[in-house]
2 protein chains.
Amino acid sequence: MSLNKPSSKRAALLDAAKQLLWERGYEAMSPRDVLDRSGAGHGALYHHFTGKQALALSALEEIAAEEMHALDEIFLGRLPPLQRVCGYLRRERSALRGCRLARLANESAIESEAFRQPIAAFLEHIATHLQACLKAAQQDGTLAGNLDPAAIAAALVAVIEGGFVMARVYWEPAKMRLAIEGALQLLDSVSTEARAGG
Amino acid sequence: MSLNKPSSKRAALLDAAKQLLWERGYEAMSPRDVLDRSGAGHGALYHHFTGKQALALSALEEIAAEEMHALDEIFLGRLPPLQRVCGYLRRERSALRGCRLARLANESAIESEAFRQPIAAFLEHIATHLQACLKAAQQDGTLAGNLDPAAIAAALVAVIEGGFVMARVYWEPAKMRLAIEGALQLLDSVSTEARAGG
DNA sequence: GTCTATAGAAGGATAGAC
DNA sequence: GTCTATCCTTCTATAGAC
């Protein structure tokens, strides 16, 4: 407690903001909510950050870093490229909670470049991984060569993000799984690998 | 002006609400905004509706009806089934504005069944049309028979909704088009029709 | 049916003590 | 660095006149 550790409340504020951004989004996250959950007082917030916006931005950047790191782990490994794609698509997700980053796509704050940046970087990170796998699959002959890897990667990212939207609109996680299943069937049809299950 | 038309402000309120729901979403749409835009006074709103929620719900239902009707027109006609699917996917959209209905997926109000209903009905309407086309295509032999129409339809809906999200996150309408292009390439690869341009 | 006046609560931030 | 006290604005709704 009396260790020489500066700003113990700063981390608590960031943690609370990260949770609330996922649960409620940016506009619906009030400074009061953050304070209650973090246990910090009003002063701490405005000492460490210029305001709600700056706090949210720092939180967003941490979230993006965490998620991109998690992605790297999924795409690591020596599996055949299309199986890595499949592994990403089948990844366990809490569909009803929505995408931790892209859930903010429809907030008015998204019109700010600074706010958009970490979210776009995250989507781009997914697309880059997918595209690399698709190219590798084309080179080793397991994926049809006439497809555009960038376009297919974008479509797959859209299936994931759209799947989150569907799960929430129907309030049924299975809807997201169904959409992903459809994407896998299409992908399977254009691949020449032995079927691995699905 | 002096015609015997009851509640002229009711329609104005609904119109304003329909616009604002698209532009800002539910929580960010304040009664004040609606009044300013509609030209109605405070009293008119609370006379015709019990409050903001009821107004938004009525507006949502009108929006869903309009959009479903527009869908019916797109899927009408005598084109081959896969070309109708293609026509829907290529439909002109204002990507940066987001989906008029599903843009509300991440508002906390979505947890209410009544709020969800018109939005889910809209997505279901799209999926139903798509699924019918895919089944027809399988029957006339232009689509691979091993695919599950329900899953493919869900995947295509997800591509559209996810495409909207991507366009807004990147603030680049082309991102949505790229995702749709990827879906079309996949669909094209599992169809046996002569290429119609892709 | 429509308006103005008003109200209680919450949002977001500043000032200044400790 | 952290807290409490305070401030102004906006949100959503009610009351009651016209």
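Residues numbered from 1 in each chain as written. Chains lettered and ligands numbered in written order. Predicted model: local features only at pLDDT ≥ 70, side-chain atom pairs only at ≥ 80, totals over all residues. Heavy atoms only, no water.

1. Side note on the protein's contact with DNA strand C
Note the threshold: Put simply, a residue is near a molecule or strand once any heavy atom of it comes within 4 Å of that molecule or strand. Polar contacts here mean pairs of N or O atoms no more than 3.5 Å apart (in protein, one a potential hydrogen donor and the other a potential acceptor; neighbouring residues in sequence count only if both atoms are side-chain atoms).
In the vicinity of DNA strand C lie 19 residues, with P31 and H42 of chain A together with G41, G43 and H48 of chain B positioned nearest. What you see for DNA strand C is that sugar and phosphate hold 58% of its atoms within 4 Å of the protein. H42 of chain A is positioned such that a nitrogen or oxygen atom in its side chain is 2.9 Å from a base nitrogen of DNA strand C. Taking H47 of chain B, its side chain carries an N or O atom lying 3.3 Å from a phosphate oxygen of DNA strand C.

2. Some remarks on the packing of aromatic side chains
Any pair of aromatic rings gets described here by the distance separating the centres and the angle formed by the planes. Where we set the bar: Centres within 6.5 Å make a pair out of two Phe, Tyr or Trp rings, where for Trp the six-membered ring is used; the pair is then stacked when the planes are under 30 degrees apart, edge-to-face when over 60, and tilted otherwise. Any Lys NZ or Arg CZ that is within 6 Å of a ring centre and within 35 degrees of that ring's normal is treated as a charge sitting over the ring.
Across all of its chains, the model carries four aromatic pairs over all chains by this definition. The ring centre of W22 of chain A lies 3.8 Å from the NZ or CZ of R97 of chain A, which sits over that ring.

3. Details of the protein's contact with DNA strand D
Every one of the 18 residues lining DNA strand D counts as a neighbour, but G41, G43 and H48 of chain A together with P31 and H42 of chain B are closest to it. Looking at DNA strand D alone, sugar and phosphate atoms form 56% of those within 4 Å of the protein. Within the side chain of H47 of chain A, a nitrogen or oxygen atom sits 3.4 Å from a phosphate oxygen of DNA strand D. H42 of chain B is positioned with one of its side-chain polar atoms (N or O) 2.7 Å from a base nitrogen of DNA strand D.

4. Considerations on the environment of R24 of chain A
Residue and element names in this part refer to chain A. For the record, the criterion: By definition, any uninterrupted DSSP run of H or I lasting at least four residues is a helix, any uninterrupted run of E lasting at least two residues is a strand, and each is numbered from the N terminus.
Considering the arrangement of structural elements, one finds R24 in helix 1 (residues 8–24). A sequence separation of 73 residues divides R24 from R97, and the C-alpha atoms of the two residues are 9.6 Å apart. Engagement of the side chain of R24 in a polar contact is seen with the side chain of D33, the distance being 2.9 Å.

5. Quick look at empty space enclosed by the protein
As a reminder of what qualifies: Using only the protein atoms, space was sampled on a 1 Å grid; points where a 1.4 Å probe fits but cannot get out form cavities, open sets with protein on both sides within 12 Å along at least five of seven lines form pockets, and lining residues are those with an atom within 4 Å of a point. Grid points are joined across faces, edges and corners, and a volume is the space filled by probe spheres set on the points. Amino acid classes used here: Ala, Val, Leu, Ile, Met, Phe, Trp, Tyr, Cys and Pro are nonpolar; Asp, Glu, Lys and Arg are charged; the rest, including Gly, are polar.
Per the counting criterion, the structure on display carries three cavities of 30 Å³ or more. Considering the residues around the largest cavity, the lining is formed by 15 residues, among which A102, R103 and V165 of chain A together with N106 and V165 of chain B are closest to the centre. With four residues, helix 7 (residues 149–170) of chain A is the largest single contributor of residues to the lining of the largest cavity. The class makeup of the residues in the lining of the largest cavity is eight nonpolar, three polar and four charged.

6. Describing the relation of the copies chain B and chain A
Just so we agree on the cut-off: Fitting of the copies onto one another was done by least squares over C-alpha atoms, counting residues only where both copies have pLDDT of at least 70. In this analysis, two residues are considered to be in contact whenever any of their non-hydrogen atoms come within 4.5 Å of each other.
Relative to chain A, chain B is turned by 180 degrees and slid 0.0 Å along the rotation axis, the superposed coordinates differing by an RMSD of 0.0 Å. Here the symmetry operator amounts to a two-fold rotation axis. In terms of proximity to the rotation axis, the leading residue of chain B is G162 of chain B, whose C-alpha is 1.9 Å off the axis. Of all interface residues in chain B, 100% are interface residues in chain A too; the two copies therefore contact each other through one and the same surface.

7. Description of the interface of chain B and chain A
As a reminder, the rule being used: Take the accessible area each of two parts loses on contact, using a 1.4 Å probe, and add the two losses: that sum is the buried area.
With 45 residues of chain B at the interface, the matching set in chain A holds 45 residues. Between chain B and chain A, a total of about 3,900 Å² is buried, with carbon and sulfur atoms accounting for 69% of that surface. Put simply, chain B and chain A have 10 residue pairs in polar contact (both at pLDDT 80 or more) between them. Listed by contribution, the elements that provide at least two residues to the side of chain B that touches chain A are helix 6 (113–139), helix 7 (149–170) and helix 8 (173–189) of chain B. In terms of residues, the side of chain B that touches chain A owes the most to one element, helix 7 of chain B, which gives 16 residues. A breakdown of the residues in the side of chain B that touches chain A according to their chemical character gives 27 nonpolar, seven polar and 11 charged.

8. Some points on helix 1 (residues 8–24) of chain B
Rule in force here: To estimate the expected span of a helix, count its residues, drop one, and scale the result by 1.5 Å.
End to end, helix 1 of chain B covers 25 Å across 17 residues, agreeing with the expected 24 Å (1.5 Å per residue, within 8%). Summarising the contacts, the buried residues of helix 1 of chain B are in contact with helix 2 (31–38), helix 3 (42–48) and helix 4 (52–75) of chain B.

9. A closer look at the nonpolar core
Cut-off, in case you're wondering: For our purposes a nonpolar core is just a set of buried Ala, Val, Leu, Ile, Met, Phe, Trp, Tyr and Cys residues, chained together by side-chain atoms within 4.5 Å. A simple rule labels every residue: compare its accessible area, found with a 1.4 Å probe on the protein chains alone, to the largest value its type can have, and call it buried under 20%, exposed over 50%, or partly exposed in between.
In this structure, L13, L89 and L130 of chain A together with L13, L89 and L130 of chain B are the most contacted members of the largest nonpolar core, which totals 139 residues. Not counting residues within four places of it along the chain, the set of residues in contact with L130 of chain A comprises F75, V85, Y88, A153, L156 and V157 of chain A.

10. Remarks on the pattern of salt bridges
Note the following rule: Each salt bridge in this description consists of a side-chain nitrogen of Lys or Arg and a carboxyl oxygen of Asp or Glu lying within 4 Å of one another.
Here the structure, examined in full by the defined rule, presents 22 salt bridges over all chains. Between E113 of chain A and R116 of chain A there is a salt bridge; the shortest N-O distance is 3.1 Å. Placement of both E113 of chain A and R116 of chain A in helix 6 (residues 113–139) is noted, with a separation of three residues, approximately one turn of the helix. Between E66 of chain B and R100 of chain B there is a salt bridge, with its nearest N and O atoms 2.9 Å apart. Taken as a pair, E66 of chain B in helix 4 and R100 of chain B in the loop between helix 5 (81–90) and helix 6 lie far apart in primary sequence, 34 residues in all. The exposure class of E66 of chain B is partly exposed, given its relative accessible area of 34%. Residues joined in a network through salt bridges with shared partners are D15, K18, E62, E66, E67, R91 and R100 of chain A.

11. Structural notes on the side chain of R103 of chain B
Stated precisely, the cut-off is as follows: As used throughout, the charge tally considers Lys and Arg to be positive and Asp and Glu to be negative, leaving His and the chain termini uncounted.
Structurally, R103 of chain B is set in the loop between helix 5 and helix 6. E107 of chain B provides the closest opposite charge to the buried, unpaired R103 of chain B, separated from it by 4.5 Å. A polar atom in the side chain of R103 of chain B sits 3.4 Å from the backbone oxygen of N106 of chain A. A distance of 2.7 Å separates a polar atom in the side chain of R103 of chain B from the backbone oxygen of W22 of chain B. Those residues in contact with R103 of chain B, other than ones at most four positions away along the chain, are N106 of chain A together with L21, W22, E23, R24, G25, R97 and R168 of chain B.

12. Some remarks on unusual backbone geometry
Keep in mind that most residues, glycine aside, have a negative phi and that most peptide bonds are trans. Although it is not a glycine, W171 of chain A adopts a positive phi angle of roughly 55 degrees. Relative to the helices and strands, W171 of chain A is located in the loop between helix 7 and helix 8 (173–189).

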